[in-house]
Amino acid sequence: AAGGGAETGGGCASIGPACTASLVPMTDAQVVGADCEQGDEETAPPRTDTSLRMEDAGKGALQKAMIVWCSSACCGWWIILIFFFVAANVLDSCEERLGAFLQIYSLVCVALTPLMQTLLFCSGLAEVKILFKLAERIHTVTILLELALVVAGWVVWSKTTDDACYDPNADHANADINPRTLLYVWLIIATVLISLGSCCLCGLYCSAGVLSET
């Protein structure tokens, strides 16, 4: 037995510290820690770098852009139609260019998101990393652009009056709708939606920060 132990010891001495460490029994805490580390490595979500995201965005970029634009057109064509019809009711005596603002407002509301998506797809297809990163950041601040548009709408609405901008007794070819009333209702809806969206984004960022700390 002594000879066997000497042989074993000599083998470990010749191999090095790894063999010696393997002969030392692990405690329960060490076993649990090793299992947790192995589980974390298996369950950790894979990280995608800019090149992978850019490659994924560039795949079928033309088809994706067409789908986004067609979806936006199908869902928002009526918004543009109503706003353009109502913009025709604005009188020349209006204090601000309310008609032009209604037309621009409707176009931007419908086209802003697909435009940002198209920029993202095209930059991924062109494999221009700087432009792709810029497109990602611009896309995340879309809600800020919409907020700026809503603020501008409130400013235009506050500087106009019904008497100077709309004649209820006139013959309106398309729709008998007061332009200021339409803008007022739409601004209220947009303000509520943007507020809810901002709260959701803040909640997501806060939860992501808490999870990263834990």
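All values derive from a computational prediction rather than experimental measurement.

(A) Structural context of helix α5 (residues 61-87). At G76, α5 shows its strongest bend, of approximately 55°. Looking only at α5, the buried set comprises A61, A65, V68, S72, G76, I79, F83, V86 and A87.

(B) View of the packing of aromatic side chains. Within the structure shown, the criterion is met by 7 aromatic pairs. The interplanar angle of 85° and the centroid separation of 5.9 Å between the aromatic rings of W154 and Y184 together place this pair among those described as edge-to-face. Taken as a pair, W154 in helix α8 (residues 142-158) and Y184 in helix α10 (residues 179-213) lie far apart in primary sequence, 30 residues in all. Here a set of aromatic residues connected by ring pairs shows up, and it is made of W78, F83, F101, Y105 and W186.

(C) Just the state of the cysteines, in detail. Applying the stated rule across the entire model yields 1 disulfide. For C94, the disulfide goes to C165, at an S-S distance of 2.0 Å. Disulfide C94 to C165: torsion about the S-S bond roughly 70°, handedness right-handed. On the criterion of sequence distance, the pair formed by C94 in the loop between α5 and α6 (98-126) and C165 in helix α9 (residues 162-165) is long-range, its members being 71 residues apart. Taking the relative accessible area as the measure of exposure, C94 reaches 11% and is therefore buried. Cysteine C70 remains unbridged, with the sulfur of C74 as its closest cysteine sulfur at 6.3 Å. For C70, a relative accessible area of 45% gives the class partly exposed.

(D) Seen up close, the side chain of S72. By the secondary structure assignment, S72 is in helix α5. By relative accessible area, which is 17% here, S72 ends up buried. If we ignore the near neighbours within four places in the chain, the residues touching S72 are W77, V110 and P114.

(E) Representation of the side chain of H172 in the model. Note that H172 resides in the loop between α9 and α10. Under the relative-accessibility criterion, H172 is labelled buried at 13%. A distance of 3.1 Å separates a polar side-chain atom of H172 from the backbone oxygen of D167. Excluding residues that lie within four positions of it along the chain, H172 makes contacts with N89, Y166 and D167.

(F) View of the packing of α5 against α6. Their axes nearest at 8 Å, the elements α5 and α6 cross at an angle of 175°. As judged from the angle between their axes, α5 and α6 are roughly antiparallel. Taken together, the residues of the contact of α5 with α6 sort by class into 19 nonpolar, 7 polar and 1 charged.

(G) Structural detail: α8. Counted at 1.5 Å a residue, the expected span for α8 with its 17 residues is 24 Å, and the 25 Å between its end C-alpha atoms agrees. Residues of α8 that are buried: T142, I143, L149, V150, G153 and V156. Down the axis of α8, the smallest arc covering the buried residues is 135°, so these residues share one side. Within α8, the exposed residues directed more than 90 degrees away from the buried face are L144 and S158.

(H) Here's a closer look at the nonpolar core. One finds F83, L98, L102, Y105, V150 and L183 to be the most contacted residues of the largest nonpolar core, which totals 21 residues. For this core, the secondary-structure elements that each account for two or more residues are α5, α6, α8 and α10. When neighbours within four sequence positions are excluded, Y105 is seen to be in contact with F83, L149, V150, W186, L187 and A190.

(I) View of the packing of α6 against α8. Orientation of α6 relative to α8, taken along the N-to-C sense of each, is 170°, at an axis distance of 11 Å. By the angle between their axes, α6 is roughly antiparallel relative to α8. Residues L98, F101, Y105, V108, C109, L112, T113 and M116 of α6 form the contact with α8, whose own contacting residues are T142, L145, E146, L149, V150, A152, G153 and V156. By residue class, the composition of the contact of α6 with α8 is 12 nonpolar, 3 polar and 1 charged.

What counts, and at which threshold
- Starting from 1, residues in each chain are numbered consecutively following that chain's sequence as written.
- Totals for whole chains, interfaces and linings use all residues, but because this is a predicted model, local features are given only for residues with pLDDT of at least 70 and pairs of side-chain atoms are given and counted only at 80 or more.
- By convention in this description, side-chain values take in all heavy atoms of the structure and omit both hydrogens and water.
- We define the bend at any residue as the angle between the axes fitted to the seven residues before and including it, ending there, and the seven starting there.
- The helix and strand labels rest on DSSP assignments: H or I over at least four residues marks a helix, E over at least two residues marks a strand, and numbering proceeds from the N terminus.
- Only protein chains enter the accessibility calculation, which uses a 1.4 Å probe; a residue whose area is less than 20% of its type maximum is buried, one above 50% is exposed, and one in between is partly exposed.
- Between 30 and 60 degrees the pair is tilted, below 30 it is stacked and above 60 it is edge-to-face, where a pair is any two Phe, Tyr or Trp rings, Trp via its six-membered ring, whose centres lie within 6.5 Å.
- Count a disulfide wherever a pair of cysteine sulfur atoms falls within 2.5 Å.
- In this analysis, two residues are considered to be in contact whenever any of their non-hydrogen atoms come within 4.5 Å of each other.
- Any N or O atom pair separated by 3.5 Å or less is treated as a polar contact, with the protein-specific requirement of one donor-capable and one acceptor-capable atom, and with residues adjacent in sequence counted only for side-chain atom pairs.
- For helices, the fitted axis covers only the stretch in contact; all axes are lines through C-alpha atoms, and the angles between them, taken along N-to-C directions, range from 0 to 180 degrees.
- Any angle between 65 and 115 degrees counts as roughly perpendicular, while under 35 counts as roughly parallel, over 145 as roughly antiparallel, and the rest as oblique.
- Residues are grouped as follows: Ala, Val, Leu, Ile, Met, Phe, Trp, Tyr, Cys and Pro are nonpolar; Asp, Glu, Lys and Arg are charged; all remaining types, including Gly, are polar.
- One less than the residue count of a helix, multiplied by 1.5 Å, gives the span that helix is expected to have.
- This arc is built from the directions going out from the helix axis to the C-beta atoms.
- Grouping buried Ala, Val, Leu, Ile, Met, Phe, Trp, Tyr and Cys residues that are joined through side-chain atoms within 4.5 Å yields what is termed a nonpolar core.

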